[in-house]
Amino acid sequence: MRHGTRHGWIEVVAGVMFSGKSEELMRRVRRALIAGRRVQLFKSHLDDRYGGQFLISSHDGRQVEAEPVSNSVQLAEKIRPDTQVVAIDEAQFLDDGICEVIDVLADEGRRVIVVGIDMDFRGEPFGPMGPLLARAERIDKLDAICVVCGDPATRSQRLIGGKPAPAEGPTIQVAGAESYEARCRRCHEVPARDRAQRELL
Ligand code: ADP
Ligand code: ZN
């Protein structure tokens, strides 16, 4: 594809779990299919929500299946020369290299749709989401509903045995015993495991 012949850009859909990011991604991909665009859809290997399969189809029978990738290099290698729209789900699990990859894709004239959880369970920027948001031409931040108070929720509450999980745990917990719920800033709790010790100092 010749540089500058088409107008490419990056759009990011960010937000907490249960904020409807996947619904929004499907809506955008479906509309791109209706427009007759050649679409490729990627999701992180780490995400098993779709039971290993993730298919988006439009009413007129066009469809696109998600290709699982482990990292940004793999994603870059899977891009077909004639692809016009690149959609990436669960971008928070990818490495920082994804920033450069999507910059190149947009420079080449492609539309890049990046979807991810912007904050980890501690309320800190999740993986490459911060730099991705900075690079985007367009950002939509979605919220969920706080399960405690009913206000708009922006944060993911990690629970272990029904109790707020301490900040020291790993950011990505694969197949752990923990669960998550959406909460607002006020109801979000991240106890420090060593708080009791620090208070003794
Ligand atoms: P995401 O991809 O952001 O995790 P999904 O598109 O998978 O979001 O799910 C969004 C859906 O989850 C909502 O349409 C709603 O039906 C459901 N849901 C469950 N819990 C909540 C919550 N606490 N706040 C908002 N929606 C919720
Ligand atoms: Zn709340």
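See the structure above.
First, a word on scope: everything that follows refers to the structure included in this document. (Residues numbered from 1 in each chain as written. Chains lettered and ligands numbered in written order. Predicted model: local features only at pLDDT ≥ 70, side-chain atom pairs only at ≥ 80, totals over all residues. Heavy atoms only, no water.)

**Remarks on the pattern of salt bridges**
Part 1: Applying the stated criterion across every chain yields a total of 14 salt bridges.
Part 2: Among the ionic pairs, Asp120 bridges to Arg122, the shortest N-O distance being 3.0 Å.
Part 3: Exposure remark for Asp120: the relative accessible area of 4% places this residue in the buried category.
Part 4: As a salt-bridge pair, Glu181 and Arg183 come within 2.8 Å of each other at their nearest N and O atoms.
Part 5: With a relative accessible area of 7%, Arg183 lands in the buried category.
Part 6: Salt bridges sharing partners connect three or more residues here, namely Glu11, Glu24, Arg27, Arg28, Arg111, Arg138 and Asp140. (Salt bridge = Lys/Arg side-chain N within 4 Å of Asp/Glu carboxyl O. Buried < 20%, exposed > 50% of the residue type's maximum accessible area, 1.4 Å probe, protein only.)

**Examining the nonpolar core**
Part 1: Judged by nonpolar contacts, the single largest core of 22 residues is most densely connected at Leu75, Ile88 and Val114.
Part 2: For this core, the elements supplying multiple residues, two or more each, are β1 (9-15), β5 (85-89), α3 (97-107), β6 (111-116) and α4 (129-135).
Part 3: Sort the elements by how many residues they give to this core and α3 lands first, with six residues.
Part 4: When neighbours within four sequence positions are excluded, Ile88 is seen to be in contact with Phe42, Leu75, Leu94, Ile98, Ile102, Val112, Ile113, Val114 and Val115.
Part 5: Among the nonpolar cores identified, the runner-up in size contains 15 residues, and Ile56, Val64, Ala66 and Val115 belong to it. (Core = buried A, V, L, I, M, F, W, Y, C linked by side-chain atoms within 4.5 Å. Helix = DSSP H or I, 4+ residues; strand = E, 2+ residues; numbered from the N terminus. Contact = heavy atoms within 4.5 Å.)

**Regarding the coordination of the zinc ion (ligand 2)**
Part 1: Every protein donor of the zinc ion (ligand 2) is accounted for by Cys146 (SG), Cys149 (SG), Cys184 (SG) and Cys187 (SG), and the metal-donor separations fall at 2.3 to 2.4 Å.
Part 2: Read in sequence order, the donor residues coordinating the zinc ion (ligand 2) give the pattern C-x2-C-x34-C-x2-C. Within this pair, whereas Cys149 is found in the loop between β8 (144-145) and β9 (152-153), its partner Cys184 is found in the loop between β12 (178-183) and α5 (195-200), the two being separated by 35 residues in sequence. (Donors = N, O, S within 2.8 Å, 3.2 Å for Na, K, Ca; no water.)

**Remarks on unusual backbone geometry**
Part 1: Within the chain, Phe18 stands out as a residue other than glycine whose phi angle is a positive 65°.
Part 2: The topology assignment puts Phe18 in the loop between β1 and α1 (21-34).
Part 3: Owing to a relative accessible area of 62%, Phe18 belongs among the exposed residues under this scheme.
Part 4: The phi angle at Glu90 is positive, at roughly 55°, despite the residue not being glycine.
Part 5: With respect to the element layout, Glu90 can be found in the loop between β5 and α3.
Part 6: Given the relative accessible area of 7%, Glu90 is considered buried.

**Points about the side chain of Arg28**
Part 1: As for its position among the elements, Arg28 is in helix α1.
Part 2: A polar atom in the side chain of Arg28 sits 3.1 Å from the side chain of Glu11.
Part 3: In this structure the side chain of Arg28 is engaged in a polar contact, spanning 2.7 Å, whose partner is the side chain of Glu24.
Part 4: Contact partners of Arg28, with chain neighbours within four places excluded, come to Glu11, Val13, Arg111, Ile113, Arg138 and Asp140. (Polar contact = N/O pair within 3.5 Å; in protein donor to acceptor, adjacent residues only side chain to side chain.)

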